[in-house]
Amino acid sequence: MITVIGSLNMDLVIQMADFPQQGETVLGQHFQTSPGGKGANQAIAAARLGSNVTMIGCVGDDRFGHTLRTVLEQEHIDTTSLLTTSESTGIANILVHHNDNRIIVVPGANYKLEPTHLDAVKDVITQSQMVILQLEIPMETTAHAIKLCKEANVPVLLNPAPAANFDMCWMDDITYLTPNEIECAQLFGNDFDQTLEKYPNKLIITLGRDGARYFDGEYPIHVPGYMTKAEDTTGAGDTFNGALAYALVEGQSLDEAVYFANIAASLAVEQVSAQGGMPTLSKVYARMA
Ligand code: ADP
């Protein structure tokens, strides 16, 4: 069983021909609401591939919150550890222009997920085969999750987004860290080769369409991405992380798991909306064949 401890947002997605400049008003081409939040996205990515997933998070007692809970249930994700609070459900305002995006997140209820709630559902966490974390919840809750996992020997996959919420002292206690290039530069500086060597088989840097890199203890390993035409890269990293967790829990080697995650994420970027394009297992295998 995989447990995701993280955010749930309603994404308010606007497709546009050009991003507005400061002080400018532009017309968007298309608007849609779609369920998102890095936590929920990664939970769905893993569940759609066949993982048994539990989601720990917090939503508001409002229309968006009810919808987000229902969406997880439709994906067969266990929501019994999902809190409802009086704060409004988190939202993300996403501007999409070709395969580029600009995102504003209002965390709302996500910031009401407190360490005490993790204690209340401690059994779920300690019985997991892997816990997936991102950084859209309070830092003290992330720190507490890592501590509970360490005590129970549960592997932790941490996707450090937004990177500003990462504390370097967590590095020893997590199993995998999966920044994209921007997050990696923010956390460790621009010398990726040197940084990778410091964290063998732990640091996996995602490189957009170029795939991902890690260091296996002896050699730098570059696992190339699958070339495709990207429609919307929102949720690419989330699909990568959910798929990576799925594959590792299934017992795949890190090399196989990163290859699998690249393929899954390449399928996701072919469709608009974060969760919409997340593939099933058969779609990933069809592309691998
Ligand atoms: P994030 O979405 O977190 O910014 P990346 O942009 O590095 O992270 O993308 C994560 C993963 O998604 C990549 O490692 C790759 O597997 C896949 N991916 C992203 N963009 C593309 C693309 N244009 N074509 C194919 N795969 C992509």
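Residues numbered from 1 in each chain as written. Predicted model: local features only at pLDDT ≥ 70, side-chain atom pairs only at ≥ 80, totals over all residues. Heavy atoms only, no water.

With an unreviewed UniProt entry as reference, the protein chain is termed Ribokinase, source organism Lysinibacillus sphaericus. UniProt, in the comment section headed Pathway (unreviewed entry), describes the protein chain in these words: "Carbohydrate metabolism; D-ribose degradation; D-ribose 5-phosphate from beta-D-ribopyranose: step 2/2." (UniProt positions renumbered as here; feature names shortened; annotations may be inferred.)

Engineer: Can you tell me about the overall build of the protein chain, naming the residues and giving the values?
Structural biologist: Counting secondary structure elements, the protein chain contains ten helices and 13 strands. Expected size for 289 residues packed as a compact globule is a radius of gyration near 19 Å; at 18 Å, the protein chain falls within 12% of this value. Taking the principal axes of its C-alpha atoms as reference, the protein chain extends roughly 50 × 45 × 40 Å. Burial status across the protein chain gives 54% buried among its 289 residues. For the protein chain, long-range pairs separated by at least 24 residues make up 67% of all intrachain contacts whose partners lie at least 6 apart in sequence. Positive and negative side-chain charges of the protein chain, numbering 16 and 34 respectively, have mean locations separated by a distance of 2 Å. (Helix = DSSP H or I, 4+ residues; strand = E, 2+ residues; numbered from the N terminus. Rg over C-alpha atoms; globule rule 2.2 N^0.38 Å. Buried < 20%, exposed > 50% of the residue type's maximum accessible area, 1.4 Å probe, protein only. Contact = heavy atoms within 4.5 Å. Lys, Arg positive; Asp, Glu negative; His and termini not counted. Charge placed at Lys NZ, Arg CZ, Asp CG, Glu CD.)

Engineer: So what's going on with the packing of aromatic side chains? Residues and values would help.
Structural biologist: Counting across every chain of the model gives four aromatic pairs. Centroid distance Phe-188 to Tyr-199: 5.5 Å. Interplanar angle 50°. Geometry classified as tilted. In this pair, Phe-188 is assigned in helix α6 (residues 181–188) and Tyr-199 in the loop between α7 (192–198) and β11 (205–206), connecting sequence segments eleven residues apart. One exposure class covers both Phe-188 and Tyr-199, and it is buried. For the ring pair Tyr-246 and Phe-260, a centre distance of 5.5 Å and an interplane angle of 25° mean the geometry is stacked. Remark: Phe-260 occurs in helix α9 (residues 254–268) and Tyr-246 occurs in helix α8 (residues 236–249); sequence separation between them is 14 residues. (Phe/Tyr/Trp six-rings, centres within 6.5 Å; stacked < 30°, edge-to-face > 60°.)

Engineer: Break down the UniProt feature "active site" (unreviewed entry) in the protein chain for me, with residues and values.
Structural biologist: The sites that carry the UniProt feature "active site" (unreviewed entry) are, in the present numbering, Asp-238. Here Asp-238 lies in helix α8. Judged by its relative accessible area of 6%, Asp-238 falls in the buried class. Those residues in contact with Asp-238 that lie beyond four places of it in its chain are Lys-38, Asn-41, Gln-42, Ala-45, Asn-159 and Met-278.

Engineer: I'd like a rundown of α9, residues and numbers included.
Structural biologist: Spanning 15 residues, α9 covers 21 Å between terminal C-alpha atoms, matching the ideal 21 Å at 1.5 Å per step. Most of α9 sits out of view: twelve of its 15 residues are buried. (Expected span 1.5 Å × (residues − 1).)

Engineer: Go over the packing of α8 against α9, please, and point to the residues and values.
Structural biologist: Closest axis-to-axis distance for the α8/α9 pair is 8 Å, and the angle between their directions is 145°. Read as a crossing pair, α8 and α9 show a hand that is right-handed. Packed against α8, whose contacting residues are Ala-236, Thr-239, Phe-240, Ala-243, Leu-244, Tyr-246, Ala-247 and Leu-248, the element α9 presents Leu-254, Ala-257, Val-258, Phe-260, Ala-261, Asn-262, Ala-264, Ala-265 and Ala-268 at the interface. Among the residues making up the contact of α8 with α9, the classes are represented as 15 nonpolar, two polar and no charged. (Axes fitted to C-alpha atoms, helices over the stretch in contact; angles between N-to-C directions. Left-handed = near helix turned anticlockwise from the far one by under 90°. Nonpolar A, V, L, I, M, F, W, Y, C, P; charged D, E, K, R; others polar.)

Engineer: For the UniProt feature "binding site: ATP" (unreviewed entry) in the protein chain, give the residues involved together with the corresponding values.
Structural biologist: On the UniProt side, "binding site: ATP" (unreviewed entry) is annotated at positions that read Asn-180, Thr-206, Leu-207, Gly-208, Arg-209, Asp-210, Gly-211, Gly-237, Asp-238 and Asn-262 here. If you take the residues mentioned a moment ago, the ones lining the largest pocket come down to Asn-180, Thr-206, Leu-207, Gly-208, Arg-209, Gly-211, Gly-237, Asp-238 and Asn-262. Tracing the backbone shows Arg-209 in the loop between β11 and β12 (212–215). Not counting chain neighbours up to four residues away, the residues in contact with Arg-209 comprise Gly-225 and Met-227. Its place among the elements puts Gly-237 in helix α8. (1 Å grid on protein atoms, 1.4 Å probe; cavity = no way out; pocket = protein on both sides within 12 Å on 5 of 7 lines; lining within 4 Å.)

Engineer: Residues and numbers for the state of the cysteines, please.
Structural biologist: Applying the stated criterion to the full structure yields zero disulfides. Lacking any disulfide linkage, Cys-149 is separated from the closest cysteine sulfur, that of Cys-169, by 15 Å. (Disulfide = S-S within 2.5 Å.)

Engineer: Mind laying out the layout of surface pockets, listing which residues take part and the relevant values?
Structural biologist: Roughly 1,400 Å³ of internal volume is contained in the largest pocket. The wall of the largest pocket is formed by 49 residues, among which Asn-101, Asn-180, Thr-233, Ala-236 and Gly-237 lie closest to the centre. Contributions of two or more residues to the lining of the largest pocket are made by β2 (9–15), α1 (38–48), β6 (90–97), β7 (100–106), α6, α8 and α9. For the lining of the largest pocket, the element with the most residues is α8, which contributes five residues. Of the residues that constitute the lining of the largest pocket, the class distribution is 18 nonpolar, 23 polar and eight charged. Counted as a void, the second largest pocket has a volume near 160 Å³. Gln-15, Met-16, Ala-17, Gln-29, Val-96, His-97, His-98, Asn-99, Lys-229, Ala-230, Glu-231 and Val-272 are the residues that line the second largest pocket. (Points joined across faces, edges and corners; volume = space filled by probe spheres on them.)

Engineer: Explain the site of the ligand residue by residue, including any values.
Structural biologist: Around the ligand, the structure places 16 residues, and the nearest of them are Thr-206, Gly-208, Gly-211, Gly-237 and Asn-262. Within the backbone of Gly-211, an N or O atom sits 2.8 Å from an oxygen atom of the ligand. For the ligand, an oxygen atom lies 2.9 Å from a polar atom in the backbone of Gly-237. When the ligand is considered free in solution it has 550 Å² of accessible area, and contact with the protein chains removes 85% of it. If you map the ligand onto the pockets, it falls in the largest pocket. Looking at the shell around the ligand, the elements that each hand over two or more residues are α8 and α9. Residue composition of the shell around the ligand, grouped by class: seven nonpolar, eight polar and one charged. (Near = heavy atom within 4 Å. Polar contact = N/O pair within 3.5 Å; in protein donor to acceptor, adjacent residues only side chain to side chain. Areas by Shrake-Rupley, 256 points an atom, 1.4 Å probe, with all protein chains shown as cover. Sits in = over half its atoms within 2 Å of the grid points.)

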